[in-house]
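If you want the building blocks of each chain, they are given just below.
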Amino acid sequence: MADLPTSAERFIQGVLPENPVYRQLLGLCPTLAVTSGLKPALTMSVAVAAVMLCANVMVSLIRNLLRPHLRIVVFTLTIATFVTVVDRVLAAYMYPMSKTLGPYIPLIIVNCIIICRCEVCASRQSVITASADALGQSLGFGFALVSIATVRELLGTGALAGIQVLPPAWPQWVIMVLPPGAFLTFGLLLALVNWADAARKGKKG
Amino acid sequence: MENGTPRRPGGGLKNSSLGQAWLVLLLALVFGAVLAAVQTNLSRIIAANKMNETLDNVPALVWGAGATGRMAEPGRAVAITAGTLDVTVDSKLKVIPVFQVTLDGALAGWVVKAGGQGYADKIELLLGLDPALDTITGLFVLEQKETPGLGNKITEAGWRRQFSGQKTHSPLVVQKGRIAASGGIDAIAGATISSRSVTHIVNQAVSAARANLTTDAFRPLERQ
Amino acid sequence: MDYVFDIFLISISAALINNFVLYYFVGICPFIGVSRQVDMALGMGGAVTFVMTIAVLISWSITTFVLMPGAPISRWVASFFVSPDQAAAIDLTILTYIVYIFSIASSVQFVEMYVRKFYPPLYKSFGVFLPLITTNCAILFACLTVMSHIVGVDNPSEAWDLGRALALGIFGGLGFTIAIVIMAGIREELDLCDIPGPFKGAAITLIVGGILAMAFMGFAGVDSGIRAALNGMP
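Since this is a predicted model, take the numbers as computed values, not measurements.

Asker: Just to check I follow, could you spell out the overall build of chain C for this structure?
Answerer: For chain C, the count of helices and strands is twelve helices and zero strands. Secondary structure elements of chain C occur, N-terminal to C-terminal, as α-α-α-α-α-α-α-α-α-α-α-α. Seen through its principal axes, chain C has C-alpha atoms that stretch 70 × 55 × 35 Å. Looking at chain C as a whole, 48% of its 234 residues qualify as buried. When contacts within chain C are restricted to residue pairs at least 6 apart in sequence, long-range pairs at least 24 apart make up 75% of them. Only carbon and sulfur atoms are counted for the fraction: they give 70% of the accessible area of chain C, which is about 10500 Å². Put simply, chain C has 9 plus and 14 minus side-chain charges, and the middle of one group is 11 Å from the middle of the other.

In structure tokens:
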């Protein structure tokens, strides 16, 4: 079997080349749901990063004790526990944000990104590599969320994170903060990423 | 084997079903302990957050926007008691959250939590009433999911101020166009249904309060 | 009559007005991944509806009888160890997410066994998609919505009973099916079109999804309008 990627490689891969949202198309539910504003998007990224890091470390610690057919059960249990903790911590210390994010925090449990990383990386490699992988993927996820949220909030309300950026004369494109705007923004940004990737490959080859 | 790392001493554990069962059990216990710790430490804070979200808005609803000054006056004791009121609507028993506000022991006003269907989803409001239940003293929108930019404007202070000072002897009516008659609420341009929903919820809450709310009928929540 | 009316409103709200895919953004992964052909989409939608109904049934039962504050079974068990007053205050909601995800996993297992036994060709055509329904956000979302109507209410009398919960489960799944089948129909047509390079695959699907979401926005306010008409609101 080929050599598994090193920590540094895992980290760098996670940010752009194997970006969980733009390249792997995983974890799309929160991507569309919480990106109507910059603050919810950032909070969600941090929450996912926390859960992914803890889950990866935990799974990596017990990877040699676990038989293959029990692993999904253990992954799920681990992730569900950490998501419960994150959810409660958010409700205790950031209550208004917790209400804004609503049911999308518990939905981190079924976020394909985390289970995928546990399966692909954490269950096979050391704690350091698993952590690097988690951090890289979270960074990539955060980058994707922030990119979509910036476009949606800026065009939809003229503000970024609540701070007015565009002049008040800007006719707010309300559709941007509504569900159709999420789909359209993400679709167009995805096309942009695909185009940039193809252009880069074209230049190389 | 999956990778090239040398086999850990836990190899025996990996190969026995009993070992696996013990592992899952141990994990469950560890996670259970973590969750129990989170529950004991944070549940009180979360419950307080929920309560404070409403309590923070109560003084302004009774005394208007300058209420914080009132609260800080030396020698004045403001007390807010959370409680419930039993109301029978359409032969169904409803329990309405009510807050009793007293200043130096004398009743200063009531705040009633009311809810109902808006344009998009449920709207929840806090409605301030004077002690005689004669006048509306304030309105605050707790929860709404109306259209951003249109129905959303029911949360704006300017629009909500229309309700302050309105008399409660007859239901409020929504009017389109700038007719600021007493008993009339100016609708938000482009959000007539949201405006009507809020007014309807207010009217219902007012009539329920006028018919049922007395100091005796008010049941304070038990302190824990 | 009131009850039937309520069920009706919950149903059309879950299926059309607040469609799970096009309004709440849950179940997007199969929406983009599986919606290439109408019959696959229909099968996926049917499976999700079936699993959602069972999952909502299990989660409602467990929440009402074990998890919610003061639930009967937990209270009875706790009364063996602590005083009755303390037992009445027992609150197991911290375990909600773990219990839900495992009940969903078991529902999927159960459905898988059932389909394998009674509809083998269908089982073969599903391939790997059936176990993947476990990670379908829509099902967990349905369970969480039901929970929020039981645990988060001010009025204990307004907590959802089994009928309302099942209505949400069944019609939420049907709404998902409607969305995914429409998308599949559109994509079958798109396959014959000349799509620019960067847009091929997920990007054009998302843009079509955006237009679909816009179309479904036309349903907004329908339930409040019906309610108003029947309650005589001006």
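Structure shown, so let's carry the discussion forward.
Asker: How do you make sense of the overall build of chain B when you look at a structure like this?
Answerer: Regarding its fold elements, chain B presents six helices and eight strands. Sequence-ordered secondary structure for chain B, helices as α and strands as β, is α-α-α-α-β-β-β-β-β-α-β-β-α-β. Across the 224 residues that make up chain B, the buried fraction comes to 41%. Residue pairs in contact within chain B that sit at least 24 positions apart in sequence constitute 49% of those at least 6 positions apart. Entry remark: accessible area of chain B is about 12000 Å², with carbon and sulfur atoms responsible for 56%.

Asker: What should I look at first to understand the interface of chain B and chain C in this one?
Answerer: The extent of an interface is frequently quoted as the accessible surface area lost upon association of the parts. Listed per partner, the contact involves 16 residues of chain B and 17 residues of chain C. Summed over both partners, the interface of chain B with chain C buries about 1400 Å², with 50% contributed by carbon and sulfur atoms. For the pair chain B and chain C, the number of links is zero salt bridges. Seen at the junction of chain B and chain C, the total is two residue pairs in polar contact (both at pLDDT 80 or more). At the level of secondary structure, the elements contributing two or more residues to the side of chain B that touches chain C comprise helix H2 (17-55), strand S2 (92-103), strand S3 (106-117) and helix H6 (192-212) of chain B. Looking at the side of chain B that touches chain C element by element, the count peaks at five residues for S2 of chain B. Of the residues belonging to the side of chain B that touches chain C, the class tally is six nonpolar, five polar and five charged.

Asker: Could you clarify how one ought to interpret the pattern of salt bridges in this entry?
Answerer: Pairing is possible between side chains that carry opposite charge, provided their charged atoms lie close to one another. Residues and elements named next belong to chain A. Evaluated as defined, the whole model comprises twelve salt bridges over all chains. The partner of Arg23 in a salt bridge is Asp197, with the nearest N and O atoms 3.3 Å apart. Of this pair, Arg23 sits in the loop between helix H1 (7-15) and helix H2 (28-33) while Asp197 sits in helix H8 (residues 179-204), and the two are 174 residues apart along the sequence. Salt bridges here are not isolated pairs; linked through shared partners, they connect Arg23, Asp197, Arg200 and Lys201.

Asker: Explanation requested: a negative patch on the surface in the structure shown.
Answerer: All names here are of chain C. Together, Asp39, Glu188, Glu189 and Asp191 make up a negatively charged patch on the protein surface. Structurally, Glu188 is set in helix H10 (residues 162-190). By relative accessible area, Glu188 is classed as partly exposed at 35%.

Asker: Just to check I follow, could you spell out unusual backbone geometry for this structure?
Answerer: Negative phi values dominate among residues other than glycine, just as trans dominates among peptide bonds. If you check the backbone angles, Leu25 of chain A has positive phi at about 55° while not being a glycine. Mapped onto the elements of the fold, Leu25 of chain A is located in the loop between H1 and H2. For Leu25 of chain A, a relative accessible area of 27% corresponds to the partly exposed category. A positive phi angle, near 60°, is found at Leu133 of chain B, a position not held by glycine. Checked against the element boundaries, Leu133 of chain B lands in the loop between strand S4 (122-129) and strand S5 (136-143). Judged by relative accessible area, which is 8%, Leu133 of chain B ranks as buried.

Asker: Please explain the sheet that holds strand S1 (residues 78-89) of chain B as it appears in this structure.
Answerer: Pairing between the strands of a sheet comes from backbone hydrogen bonds, and it takes one of two forms, parallel or antiparallel. Residue and element names in this part refer to chain B. Within the open sheet, the six strands sit side by side as S5-S4-S3-S2-S1-S8. Their pairing is antiparallel. Since the sheet does not close on itself, it has two edges, and those belong to S5 and strand S8 (219-220), each with one partner. Relative to S3, S2 runs antiparallel, the two being bridged by six bridges. Paired with Phe99 across the two strands is Val111, which belongs to S3.

Asker: What am I meant to see in the interface of chain A and chain C here?
Answerer: Between chain A and chain C, the residue contacts involve 35 residues of the former and 34 residues of the latter. At the boundary of chain A with chain C, total buried surface from both sides reaches about 3100 Å², with 85% on carbon and sulfur atoms. Of all residues in chain A, Cys29, Val110 and Phe183 of chain A give up the largest surface area on contact with chain C, accounting jointly for 21% of the area buried on that side. Where chain A packs against chain C, one counts zero salt bridges.

Asker: Help me out: how do you make sense of the packing of aromatic side chains in this one?
Answerer: For any pair of aromatic rings, the description consists of the separation of the ring centres together with the inter-plane angle of the planes. All names here are of chain C. The final tally for this structure, using the stated rule, is 16 aromatic pairs over all chains. When the centroid spacing of 6.5 Å and the interplanar angle of 70° are considered together, the rings of Phe20 and Tyr24 count as edge-to-face. Plain terms: the ring middles of Tyr114 and Phe118 are 5.1 Å apart, the flat faces sit at 55° to each other, and that makes the pair tilted. Separated by four residues within a single helix, Tyr114 and Phe118 lie in helix H6 (residues 96-118), roughly one turn from each other. In this structure Phe118 comes out as exposed when scored by relative accessible area, which is 52%. Three or more aromatic residues link up through ring pairs in this structure, and these residues are Phe20, Tyr23, Tyr24 and Phe141.

Reading the values: the criteria
- Residues numbered from 1 in each chain as written.
- Chains lettered and ligands numbered in written order.
- Predicted model: local features only at pLDDT ≥ 70, side-chain atom pairs only at ≥ 80, totals over all residues.
- Heavy atoms only, no water.
- Helix = DSSP H or I, 4+ residues; strand = E, 2+ residues; numbered from the N terminus.
- Buried < 20%, exposed > 50% of the residue type's maximum accessible area, 1.4 Å probe, protein only.
- Contact = heavy atoms within 4.5 Å.
- Areas by Shrake-Rupley, 256 points an atom, 1.4 Å probe, with all protein chains shown as cover.
- Lys, Arg positive; Asp, Glu negative; His and termini not counted.
- Charge placed at Lys NZ, Arg CZ, Asp CG, Glu CD.
- Buried area = accessible area lost by both parts, 1.4 Å probe.
- Salt bridge = Lys/Arg side-chain N within 4 Å of Asp/Glu carboxyl O.
- Polar contact = N/O pair within 3.5 Å; in protein donor to acceptor, adjacent residues only side chain to side chain.
- Nonpolar A, V, L, I, M, F, W, Y, C, P; charged D, E, K, R; others polar.
- Patch = residues over 30% accessible without salt bridge, like charges linked within 9 Å, V, L, I, M, F, W, Y side chains within 5 Å.
- Pairing = 2+ DSSP bridges.
- Phe/Tyr/Trp six-rings, centres within 6.5 Å; stacked < 30°, edge-to-face > 60°.

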